[in-house]
Amino acid sequence: QVQVVESGGGLVQAGGSLRLSCAASGTIINIKTMAWYRQAPGKQRDLVASVTSGASTNYLDSVKGRFSISRDNVKNMVYLQMNSLKPEDTAVYYCYVAAQRDRSGIYFQYWGQGTQVTVSS
């Protein structure tokens, strides 16, 4: 099995910064995509940023220029550096990993338990 664990959430004032970390562990042959999603109360879960194994990145329009995603393929970790935080960034942030756990060629989707980010005005 594969476990995904996030860390780094917390309370920060508007304009501040936070760095989220996510570690994938277990039986992992290869990881294709790693990403961060977020979900605010009463809203759908949205993709915030993603990074492929080839280092291609994609960002939600509202975070472009403020957030940066990166990954460490040796450690199977993904990071989200969040700068110039705004109250509307408040949400539970979830780590997503698409990983192979055997040689079948099939990728499975794994989610972390979520970490709360609260930005006060």
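Before reading further, recall that the structure is shown in the block above.
Residues numbered from 1 in each chain as written. Predicted model: local features only at pLDDT ≥ 70, side-chain atom pairs only at ≥ 80, totals over all residues. Heavy atoms only, no water.

Student: I would appreciate a short explanation of the overall build of the protein in the present structure.
Tutor: Each helix and strand counted, the protein has zero helices and 11 strands in total. Secondary structure of the protein in N-to-C order comes out as β-β-β-β-β-β-β-β-β-β-β. With the principal axes as the frame, the protein shows a C-alpha extent of 50 × 25 × 25 Å. Here the protein displays about 6,300 Å² of accessible surface, and carbon together with sulfur accounts for 47% of that area. Here the protein carries 12 positive and 7 negative side-chain charges, and the mean point of each set is 3 Å from the other. (Helix = DSSP H or I, 4+ residues; strand = E, 2+ residues; numbered from the N terminus. Areas by Shrake-Rupley, 256 points an atom, 1.4 Å probe, with all protein chains shown as cover. Lys, Arg positive; Asp, Glu negative; His and termini not counted. Charge placed at Lys NZ, Arg CZ, Asp CG, Glu CD.)

Student: Explain the nonpolar core here, please?
Tutor: Nonpolar side chains in soluble globular proteins tend to end up buried together. Counting residues in hydrophobic clusters, the biggest one holds 30 residues, and the most contacted among them are Trp36, Leu80, Met82 and Tyr93. When residues of this core are traced back to their parent elements, those giving at least two are strand S1 (2-7), strand S3 (18-26), strand S4 (30-39), strand S5 (46-52), strand S7 (67-72), strand S8 (77-82), strand S9 (91-100) and strand S11 (115-120). (Core = buried A, V, L, I, M, F, W, Y, C linked by side-chain atoms within 4.5 Å. Buried < 20%, exposed > 50% of the residue type's maximum accessible area, 1.4 Å probe, protein only.)

Student: Help me understand the environment of Ser17, please; the structure alone is not making it clear to me.
Tutor: Locating Ser17 in the fold gives a position in the loop between strand S2 (10-13) and S3. Residues in contact with Ser17, not counting those within four places in the same chain, are Val12, Gln81, Met82, Asn83, Ser84 and Leu85. One polar contact links Ser17 to Asn83, side chain to side chain, over a distance of 2.9 Å. (Contact = heavy atoms within 4.5 Å. Polar contact = N/O pair within 3.5 Å; in protein donor to acceptor, adjacent residues only side chain to side chain.)

Student: For this particular structure, what's the right way to read the environment of Ile28?
Tutor: Mapped onto the secondary structure, Ile28 falls in the loop between S3 and S4. On the basis of relative accessibility, which here comes to 18%, the residue Ile28 falls in the buried class. Note: C-alpha distance between Ile28 and Asp102 (74 residues apart in sequence) is 7.4 Å. Contacts of Ile28, omitting those with residues within four sequence positions, involve Val2, Asn76, Ala99 and Gln100.

Student: I keep staring at the pairing of S4 and nothing clicks. Help me out?
Tutor: Side-chain positions along a regular strand alternate between the two faces of the sheet. Of all 10 residues in S4, seven are buried, a share of seventy percent or more. Of the pairings in the sheet, the one linking S4 to S9 comprises nine bridges and is antiparallel in character. Paired with Asn30 across the bridge in S9 is Gln100. The antiparallel pairing of S4 with S5 creates a hairpin that spans six residues between the two strands, and Gly42 there sits at a positive phi of about 75 degrees. (Pairing = 2+ DSSP bridges.)

Student: In this structure, what is going on with the packing of aromatic side chains? I would like to understand it.
Tutor: Under the definition given, this model contains three aromatic pairs. Judged by centre distance (4.9 Å) and plane angle (65 degrees), the ring pair of Tyr37 and Trp111 falls under edge-to-face. Highlighted residues: Tyr37 in strand S4 and Trp111 in strand S10 (residues 108-111), separated in sequence by 74 residues. Linked through ring pairs, Tyr37, Tyr96 and Trp111 together constitute an aromatic cluster. The side chain of Lys32 reaches across the aromatic face of Tyr107, ending 4.5 Å from its centre. The ring centre of Phe108 lies 3.9 Å from the NZ or CZ of Arg101, which sits over that ring. (Phe/Tyr/Trp six-rings, centres within 6.5 Å; stacked < 30°, edge-to-face > 60°. Lys NZ or Arg CZ within 6 Å of the ring centre and 35° of its normal.)

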